Amino acid sequence: MDPTQDPTKEPTIAPTQRPTGYPTTEPTNEPTPYPTREPTPFPTAIPTTKEGYVNVKDFTLGKLLVPEKGLLLGKIDTSQEFTLSFDIIPTQVKAGWTSIIRFSSGDSKDIGVGTRAPALWFSPGTTNLFARMDTNTEADRGCTSANPLPLFVKSHVKMTVQEGIMIKLFVDGKEACRFNPRSHQLLFAKKGVKVYLGDKFYSPAQAQVSNISYSSHPNLPLIPHGISLADKMVPIRKGELLGYMDTTSSFKLSFDVQIDSIVDSGFASILHLTLGVDNGALGSRIPGVWLKPGTTQLHIRSGTTMEHDVGCDIHADHALELGKKHTIVFIVTEGPTHVVKIDGSKVCHFNPKSNDLVPNSPATQLWVGDKWYTSAVGKIGSIIYEPLPLMPRPSPSDLTSGKTLVLGGDPIYLGYLDTFETYEMTTHVKLTGIVQGWSNLLHVTAKGTNFEKPGSRIPGIWVIPHSTRLQVIMGSKNMINNGCATKALPINKTVAITMRAYPGPVYTVHFDDEQQCAITPKCQLFPAHNNSRVWVADKWHHASKAEVVLMKYGPAPVLNKNSIISSARKLQRGYFVGVINTTKEFHMSFKLTPRGKVKGWSNIIHLTERNNKGLKSRLPAVFFQPDKLRLTLVVTDKNGKQLRKDSKFNLKKDQTYLVDIVVGKLGLAMRLDKKYIIAKHKAFNRVPATKNIKIWASNPFAGAANAEISDLTYTREIKPEDLTGEDLTGSNKKDSD
């Protein structure tokens, strides 16, 4: 059937099979007020299954359709992210809301989560598009186009729903409106969602609709690393989600930005990478870049696992210049350490107190102008995100990797170190100046903390304010700040500082071979710990003015019982030699050279588990008697009773003697040059074999003898010749000078 040459006053009961051969140049004066009075007797062009489903999830409907109240096109399974598009020719303006299309999982009510997923209407008395899309927690969210669609002209409408800018509406390729709900949760995908061309609650829109298309594929790309986004400068707009990116713990982010005017109130967003929220959750700012309110000063944040909003506030001296393009570089590395550069100059170096960087995160949102803040007024371009490799684990035998580290500026993070319960750590340091406040030379921390938890300082070295004296801290399991102060270090001279932690515990500090201190706190050693962090000049204190040329770390040395003290050394009160495992029976020997008398009791050698008295307190201990050069031997029995034997033999000043001490089944004895000066031939309950007995030369409980000691040995083997010799136990010789 051919169309009539002149349009009829009323539409025909059955429309013509095809349009007029020549469209009129102007619309008819009296367009028909409504579609055909009787629906077409055939189904819609969308093929359905016997359950009413559309055959495919994504469909395209090309045939020209007219909305009707409650006209069901079919059912589909929706997606969280999608694009809905169609062509529409408005034919009449109506007074009320008129429905174009609606996706709904609930037929019983007009408004409720899932009932507008999405839905579009003409606003009352206009052809402005009114678009709505529910979230998981909010119903009826959306926006309205600013301009009406022209009557009797085909317009192409596209609506996108995606993470970030959740709702965008386009007309003929131009953005008509957008909306960002505060809720960031997209509506869950649902099965069996009904698709209406004209819903059941409103009058149908007076229009012709065709080429309806629903696509479940997200429109936003996965952005590869190292690729420049927005090579040309583009405007910064509120809620502009560029796509997704797989972020890494350590990274370098760079971009060009030009700020054209100041936003007077509130922070102004430039760039924001997030796992979906603004702040207060892991990965909410990794990183984010804003302008501080009423300024062009950058406010940059990049969270850690414990602190989600830490970073740099750029000083006013480095504010961005209006109308000028600046290159911003932001670097996050292990430590963690934040560095900001503007046009090649470093303007911020920041070390969060929290330790762990946010783990690698897939599908991180990349915003230019986020949806939570007013956007900065300006342009952005050349956005490049580059992962940075994790730091190599330093060698314990050379933690500085053969480099001379110059301290005095920014903190220096060396990396991870697996620490021991008992350890020896040596660092070669040359102080180059004095700092007014506390300054740090070295800091090993198990938990990545400064002071807050046990293991925060295992060990740490600080320079005392206004001096070159050191405060050395070697924390334990239940005491964070064990330590001691040393004498002053020389300026511009390299000194080997050695710290040792022994069982007991005993902590010692040496400058070169000279012991500075030995402390024996009542505590337990901090246990071995993997992945402790090592700083040279830590992030919590000023950096010392110094150079570090070598740093070594290893287990505490084990004494050779055949050479505990090899070369002669002058006795020093509280000088700690080391630890050994003692035996029930033993033979101990050493060479002794008296240099003079001491008025009180003075100690020569002392083996003890911990104390001066009590169980396992003297295993053995050797003293000079007050104002004499006569030896006294004290041995503790199994019950803590002290067996004391005083010699009557007077040693001569400046003469070297070989001293032997034997504890066996039949008693104890002391020989001087293989001649007995003490003998107790009576069995007693000897202390059983004991681990980690401390050796002092001399002890911290009494004054040191004025003497030198060498060739100290300890063995469990007692030979027959160790028990022979001339008896001098009854000697009554006069005291020596």
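Residues numbered from 1 in each chain as written. Predicted model: local features only at pLDDT ≥ 70, side-chain atom pairs only at ≥ 80, totals over all residues. Heavy atoms only, no water.

(A) How the structure looks around the overall build of the chain. Check the secondary structure of the chain and you find zero helices and 54 strands. With 737 residues in all, the chain has 51% of them scored as buried. For the chain, the proportion of contacts with a sequence separation of at least 24, taken over those separated by at least 6, is 69%. Of the roughly 33200 Å² of accessible surface on the chain, 51% is carried by carbon and sulfur atoms. (Helix = DSSP H or I, 4+ residues; strand = E, 2+ residues; numbered from the N terminus. Buried < 20%, exposed > 50% of the residue type's maximum accessible area, 1.4 Å probe, protein only. Contact = heavy atoms within 4.5 Å. Areas by Shrake-Rupley, 256 points an atom, 1.4 Å probe, with all protein chains shown as cover.)

(B) Structural view of the sheet that holds strand β15 (residues 234–235). Overall, antiparallel pairing links the six strands, which are arranged β15-β27-β17-β22-β23-β24 in an open sheet. If you trace the sheet from one side to the other, it starts and ends with β15 and β24 (345–350), each paired once. In the sheet, strand β22 (residues 325–333) pairs with strand β23 (residues 337–342) via six bridges, with the strands oriented antiparallel. Within β23, the residue paired with Ile331 across the bridge is Val339. (Pairing = 2+ DSSP bridges.)

(C) Seen up close, the environment of Leu525. Structurally, Leu525 can be placed in the loop between β37 (514–519) and β38 (529–536). Along the sequence, Leu525 and Ile458 sit 67 residues apart, while their C-alpha atoms lie 9.9 Å from each other. Not counting residues within four places of it along the chain, the set of residues in contact with Leu525 comprises Glu421, Thr422, Lys477, Ala501, Tyr502, Pro503, Pro505 and Tyr507.

(D) Molecular detail of the pairing of strand β53 (residues 707–715). Looking at chain direction, strand β41 (residues 569–570) and β53 are connected through two bridges and run antiparallel. Residue Lys570 lies in a different strand from β53, and its bridge partner there is Glu708. Bridge count between strand β43 (residues 586–594) and β53: seven bridges; the pairing is antiparallel. Along β53, the bridge assignment pairs Leu592 with Ile709.

(E) Quick peek at the nonpolar core. One finds Phe590, Ile604, Ile605 and Leu631 to be the most contacted residues of the largest nonpolar core, which totals 43 residues. Leu399, Val429, Val536 and Ala546 belong to the second-largest nonpolar core, a separate cluster that totals 40 residues. (Core = buried A, V, L, I, M, F, W, Y, C linked by side-chain atoms within 4.5 Å.)

(F) Focus on the sheet that holds strand β54 (residues 726–727). Spatial strand order, β41-β53-β43-β48-β49-β50-β54: seven strands in an open sheet with mixed pairing. Every interior strand has two partners, whereas the edge strands, β41 and β54, have only one.

(G) Just the state of the cysteines, in detail. Using the criterion set out here, one finds three disulfides in the structure. Two residues, Cys143 and Cys177, share a disulfide whose sulfurs are 2.1 Å apart. The disulfide joining Cys143 to Cys177 has a torsion of about 55° about its S-S bond and is therefore right-handed. Placement of the pair is Cys143 in strand β7 (residues 142–144) and Cys177 in strand β10 (residues 174–179), with a sequence separation of 34 residues. Assigned by exposure class, Cys143 and Cys177 land together as buried. Note that Cys484 is cross-linked by a disulfide to Cys517, the S-S spacing being 1.7 Å. One end of the pair, Cys484, is in strand β34 (residues 483–488); the other, Cys517, is in strand β37, with 33 residues separating them in the sequence. Note on Cys484: relative accessible area 8%, which makes it buried. Taken in sequence order, the bonded cysteines of the chain link in the pattern 1-2, 3-4, 5-6. (Disulfide = S-S within 2.5 Å.)

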